Each structure stands twice: as structure tokens, then as C-alpha cells.
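# Understanding the architecture of this molecule
Letter by letter, the chains look like this.
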Amino acid sequence: QTSGNSSESFPKSQKKVVLTATVFIYFFSVLNQVQKKNYRQEKKRATKQLFSALKDPSVVITADWLKIRGTLKSWTKLWCVLKPGVLLIYKTPKIGQWVGTILLHSCELIERPSKKDGFCFKLFHPLDQSIWAVKGPKGENVGSITQPLPSSYLIFRAASESDGRCWLDALELALRCSSLFRLSASKQGKDGEMNGSSDSAHAGLNNILHTSTISDQELNDSALENHHQLENDAFSDKSERDNVEESENETQENSRKTNESESDQSEIHGEVSPERKGTTYVEQIYEEFGETGESSQTETQLRPGMDLSRVVLPTFILEPRSFLNKLSDYYYHADLLSQAVLEDDPYSRMKQVLRWYLSGFYKKPKGIKKPYNPILGETFRCCWFHPQTNSHTFYIAEQVSHHPPVSAFHVSNRKDGFCITGSILARSKFYGNSLSALLDGKAKLMFLNRGEDYIITMPYAHCKGILYGTMTMELGGKVTIDCEKTNHRAELEFKLKPFFGGSTSINQISGKIKSGEEVLASLDGHWDGEVHINELKNGNAEVFWNPTSEVRKQRLKRHIVLFEEQTDFESERLWQHVTSAINKGDQHKATQEKYVLEEEQRNAARERRENGTEWKPLLFQHDSTTNEWRYKYEDLRPWDPLNDIAQFEKNGILQTMERHLSTRMSNHKTTCINNQITRHKVRSLTCVLFGKKKTYFIIAEMGMPLIQWKSLGS
């Protein structure tokens, strides 16, 4: 309508067009809702059919006689019935003579070469755990008597190669069904879509699949995550998939003990390694936190004329843990690095790296405490579990030199895409009433998928009031975080308290983030409290980092090596008597125990000089070209979710458990590996099956080439 007395309406033809368009929009919205409702009902129906297949004796993928090798290396002919998710084994085709049930959701399948007639294949647990259900399909507690069978694997022999190939095809189908079953069961347990009380037989089978004796739930879930990526189409949208992942993460957070098991090349050929048990980690329960500000950094006054004989100085200011242990304080918030890897913008990645760097300073002991000087050859191991990504960050450190004192360390979380390596040379400068502890050296943070290196330096610690006055400790100096590839750089200055400064001027920090010569943001605050950032481009100012009580509750749980499994030169075992005396307040006993360790180190050095032998570190080696200490077993390959199962540690050696694929699937998954680096650019993956060639396509974002994958085989 126009303003004024006259008004003009739309012509009738335009009214019809608008009305028709409105009707069509309403019609399609209603149709869309109906389609969604029908899809949800169809999905529920398909899920119920999948569950019913487990208890319906008429639904069998395949059944036949197979020979199974027992623990005594002899073969027994047994009747095997393959159903979705389980493999039932009987002495005869008569259902009553049940021997055992294999839970396929925890199994891997490989073809096993054999010189004898027939065709061999192997089902095994990748973490060397039990693959057997605790009860039979009808609730049996004890199976029929037969020769003893292995607990973590079974080797089968089919009568001919054609029969064996058929079993491989069937088992691969059943393995996929078991992954779908597990996902559906997890979702239904959360949403309450299925009513298990309506069918007791169904509930019995459901319990069988979820009561297998698996001691390492965290790493078992990590092994199954690769299956989940292949079965994402079981959900209608991302929100449903996230619900399942949240329920699984809640279960994983309850785990407080991590056992890793070892896998080697002999497993590919069916041979069982005599030593497969990995390092046992237990959660560290107690942590000591000092207060923020000046109150946490003052200590007893040492006045002129004071009787120092009453204070045993060598242990008076000792923090009861090794310097190798203290260096691990920077990784309680390693999940910030996991998030940084996912950031697409280099500036955002640098901000997240800087936020992680600041997170390592607020944890400090009460009062002025100095950690033990590590003994030559001393080692320390620990790890943190990431519930959000179901991964572990491993920390390994060793004292590689005594004169000068050098501590080398390596941190790895290949699954989340980052590794850190570096070494610290600890030096001290005495100024009369003050002392500076300088940490020369640098750390290199590597983002494996992006090929980015961040070179990081450390501040120094300055202690005043050693001989008289109030003893205080501060951090000082300028540090940098530099990424040459992205040309981004963070500069921080840790400021010492000025002579006339008040309590608010202690622990101050300031800095900036630069791209080339352009300053993108400035920072200021306190390194043990709030740090603010000011974005210069848009003028936004906000809290960049603040270790509040809520943030401290979100710290990752640190796990240390079980004391009984520690070697004599591991920090906790090595210093146990000194630590015990300090905790009891017996400073003289602590000094005596400390002297014993130091004297043993001197005697060992004297023997090496007399014998002309040179000390060689256990886990690290010196690179003469770069003058850096490097971890001997570092693995900087990007994580391959289609082949890598879990990262674990054994005797200080970090390893990756890999999935042993059958020959038929390996070619397809190898092709996937080559495209992992650009997977964040792929918006959707559509598999189109037509004819007999099984040709696969990737539908990528606009501008990317269309990639065609070859046939998977017959």
C-alpha cells in the first residue's frame, strides 16, 4: 500500500502466484515432516530386526564344520554357527552341546598362511584380552568338555580355500553387524527406545555381548572407534552420533586403571608373543596446590645471626619429587593442544597453543620448594587420558647428562595429532642474597597432520631473601613461541616485582601475538591468575586464560606407573626414602638418604672413568648436527584412523598398535590413508555401488577433483 488517501493492492495475477507458492511451501514442509517420521520408524524397525537376528535361530549367516586349534597345538573339529555379532561353537549340530560363544565386537580378523591343506584364518583380540562370552545363548555357565582353547584368539581351518574365503566374507559381514549392534545398543540404552523387559531372551543375549571380561575398556573402545567411522551411516544425523559418543565417554571417565598390551609382527603370522603385557598406569590421587599471588611464594625468614645448624639446608627447601616429574606439569591441560590441532586458522592455533603454555604455570607447591636434581640415568613416565577424544598423552623423560645437568623429554599423542620433544639445561647464578635458576633449552611442539613446528622457550626462576629477609620466588625473562611455517609468533615477558611495587605487581606478565611484523593482539595479566587479551583488529577485549576452580576441575587425570613395575632408576622408586623422610618431617634422615644417592652416583662416575667407558642414555640420543637430544623411538607419522588402533608404552618405548587387515580390505584402506591429510576438506563421503565393479566415489567440496577408488576385489 502506498501512503496517502489512495491505496494500490497487488494485481490478481500476483496474488495467485503468492498464494500458489505459499501452498507449495506448506505442502513440502508437511511432506518433509512425514518423510522424517517414516524414516525414524523405518530405522527403529531395522534396529529391532538386527536385535532379533541375535536370538532368532533361523537367522544364520553361515554354519559349517571347522577345525579349531587348541592351546596344545592340536586340532578339533567343531560345528560353528555365525550370527550377527557372535560366533557360536558346538560339538555337534545339535544345539544342546554348546562349547562357547565368541564376541565379534572385540575381534579382529586376518588370513593366516598355512603349509597344510585347507584354508586358515584367525580371530583375535587386538589387546590380547578374552574374546569369549561368560554365558551361553541359553544362559549356560559351563560349556561342553573339549580340548582347552585359547582365551584371546582362535585359529580356524576350513576344508578348502573356497570354503575359507566364504567364511572370511561372512565374518567381515558379521564384524560390521557387531559394530552396528554395539552402537545401536549404546544409543538405545541412553534414549530408552527399546524395552528390554518385553523379551527376556533378548535381554540375555544383550547381556552376553556386554559382559565379556575386558580389563582395558579405554583402549578397547579406542580399537573399536575405527569400526564406528565405517558405520556412521547407522545414524540419521550428527546429533544422534554425538549422543552415543557422550555416553561412551561417560563410561570411560570412570576407568581409573589403564593396562596396555603389546602387539608385534609375529602376531601377523599367528604366533603369540611370550610377553604382551604393557605398562600398568594408575591414577594419581593427590596433588598439592599453592595459593595464587605473593602468599604462596614466601618462606621462612633467615635473619642475620640465626643458628643455621638447626636447619638442614640441602632438604629444607626440597619439593618431594624429581625435576623430571615437575616438567610434566605442563600437560594437565594437553586437551587444549588437541583442540588447537583442529583449528583451521593459524592465528587461532597460535592462541590455543599460547593458552596451553600458560596453563602449565599455576600449579605450584606451597611455599618455596625446589625439586630433586635428577640422578644420571633417572627416568620418569606418566600419561593423561583424554575422555573427549579417547586418547592418551604420554610423557617420557630421562636425565641424559650430569655435568652439565640436562633433562630430555618426549610427549606424544599421535591420535590427537601432536608431539613435543625437547631438553632443558638447568644452570644457576648466585647474586649474594638472591639466586636465579636458568632453564636453557627449548621445546618443539609438532602438529603432525599440518607439518607445523612451534619452537618454545622457558622463563627463569628468581629467588630472593636466601640469606636474610623474606624468601620469595618469581618467574622472569622473555619467552617466545615461534611457528616458522605460518609466520606467527607469540612473545611473553615474565616481570619481576619492582622494588616499590605492591602485591598486585607480583607475577605480572605481558605479551603480544604477531604475524610477521604485524601485531594481532596484546596480552597482560598474571601468570598464576587472569590473563586478558586485546584483539587489535576488532578491538575486542576478553579474559584469555584464568585458572579458576572450575578450570582446575577440568584438568586431565594424570596416571603414573604402578610402583611395583617401576625400575630402580625411575624417579618415584629412586627417591622413595628421601620423599618418605621429607613427608615425615625428618630432615636429617632425608639428608642422609640424599647423600647415599649422590655418593652412589659419584662412585659410578669414578668407575666409568677408570674403565674408560662412556655413559649412554637409555631412551634418548644426541644429534650432533642439531645439538639436540631426541627420543630414540619417536613416531611422527600422522595418525591413520583406518589402521592405527591405540598408542601405548612398554619399558619407556612408545608404540602404536595397528590393525592387521585381511588382504581383501588392505588395498581399500591404504588408499584412504593417502587422503587423510585433506579429510577436513571433504564435506561428505558417498559410496555408490553399481554393477559388479564396486566403484567408490568421494564427493568433495567445490573446486576439489573427483577421486575414484579402484575395485576392492572379487
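Residues numbered from 1 in each chain as written. Predicted model: local features only at pLDDT ≥ 70, side-chain atom pairs only at ≥ 80, totals over all residues. Heavy atoms only, no water.

## Here we look at the overall build of the protein
The following threshold applies: Helix and strand assignments come from DSSP, with helices taken as H or I runs of at least 4 residues and strands as E runs of at least 2, each series counted from the N terminus. Three exposure classes are used, based on accessible area relative to the maximum for each residue type with a 1.4 Å probe and protein chains only: buried under 20%, partly exposed in between, and exposed over 50%. By definition, residues are in contact when any of their heavy atoms lie within 4.5 Å. Working definition of accessibility: Shrake-Rupley area with a 1.4 Å probe, residue cover restricted to the visible protein chains.
Helices and strands together make up the secondary structure of the protein, namely 14 helices and 32 strands. The buried share among the 714 residues of the protein stands at 46%. Residue pairs at least 24 apart in sequence account for 60% of intrachain contacts in the protein once pairs closer than 6 positions are excluded. When the accessible surface of the protein is totalled, it reaches about 36700 Å², and 53% of it is carbon and sulfur.

## What to know about the packing of helix α12 (residues 576-584) against helix α13 (residues 587-611)
Going by this rule: Where helices are involved, their axes are fitted lines through C-alpha atoms of the stretch in contact, as for all axes, and angles between N-to-C directions lie from 0 to 180°. In what follows, roughly perpendicular refers to angles from 65 to 115 degrees, roughly parallel to angles under 35, roughly antiparallel to angles over 145, and oblique to any angle outside these ranges. The handedness criterion is simple: a crossing whose near helix is rotated anticlockwise from the far helix by less than a right angle is left-handed, and one whose near helix is rotated clockwise is right-handed. Each residue is assigned to one class: nonpolar for Ala, Val, Leu, Ile, Met, Phe, Trp, Tyr, Cys and Pro, charged for Asp, Glu, Lys and Arg, and polar for all the others, Gly among them.
Running from N to C, α12 and α13 point in directions that differ by 165°, and their axes come no closer than 8 Å. On the basis of the axis angle, α12 is roughly antiparallel to α13. α12 and α13 meet at a crossing whose hand is left-handed. Within the contact between the two elements, α12 uses His577, Val578, Ala581 and Ile582 and α13 uses Lys589, Ala590, Glu593, Lys594 and Leu597. Looking at the contact of α12 with α13 residue by residue, the classes come out as five nonpolar, one polar and three charged.

## Looking at the pairing of strand β21 (residues 488-495)
Counted only if it meets this: When DSSP finds at least two bridges between two strands, those strands are taken to pair.
Side chains His488, Ala490, Leu492 and Phe494 project from β21 onto a buried face, and the interleaved Arg489, Glu491, Glu493 and Lys495 project onto a face without burial. Sheet analysis places strand β20 (residues 471-483) next to β21, joined by seven bridges and oriented antiparallel. Residue pairing across strands places Val479 opposite Leu492, the latter belonging to β21. Connecting the antiparallel pair β20 and β21 is a turn made up of four residues, with Asn487 showing a positive phi of about 60°. Bridging between β21 and strand β22 (residues 508-515) involves eight bridges; their strand directions are antiparallel. By the bridge assignment, Glu491 is partnered in β22 with Lys512.

## Observations regarding the environment of Trp167
Note on placement: Trp167 falls in helix α2 (residues 161-191). On the accessibility criterion, Trp167 (4% relative accessible area) is buried. Separated by eleven residues in the primary sequence, Trp167 and Phe156 have C-alpha atoms spaced 9.9 Å apart. Setting aside its immediate chain neighbours within four residues, Trp167 contacts Thr62, Ala63, Asp64, Leu66, Cys80, Leu82, Leu87 and Phe121.

## Some remarks on a positive patch on the surface
Put simply, the rule reads: Two joining distances apply to patches: 9 Å for like charges and 5 Å for nonpolar side chains (Val, Leu, Ile, Met, Phe, Trp, Tyr), and every residue must have over 30% relative accessible area and no salt bridge. In the sections that follow, a salt bridge refers to a side-chain nitrogen of Lys or Arg positioned within 4 Å of a carboxyl oxygen of Asp or Glu. For the purpose of counting charges, residues Lys and Arg are taken to be positive, whereas Asp and Glu are taken to be negative. His and the chain ends are not included. All charge positions are set by atom: Lys at NZ, Arg at CZ, Asp at CG, Glu at CD.
A surface patch of positive charge is lined by Lys36, Lys37, Arg40, Lys44 and Lys48. Within the fold, Lys36 resides in helix α1 (residues 12-55). In this structure Lys36 comes out as partly exposed when scored by relative accessible area, which is 47%.

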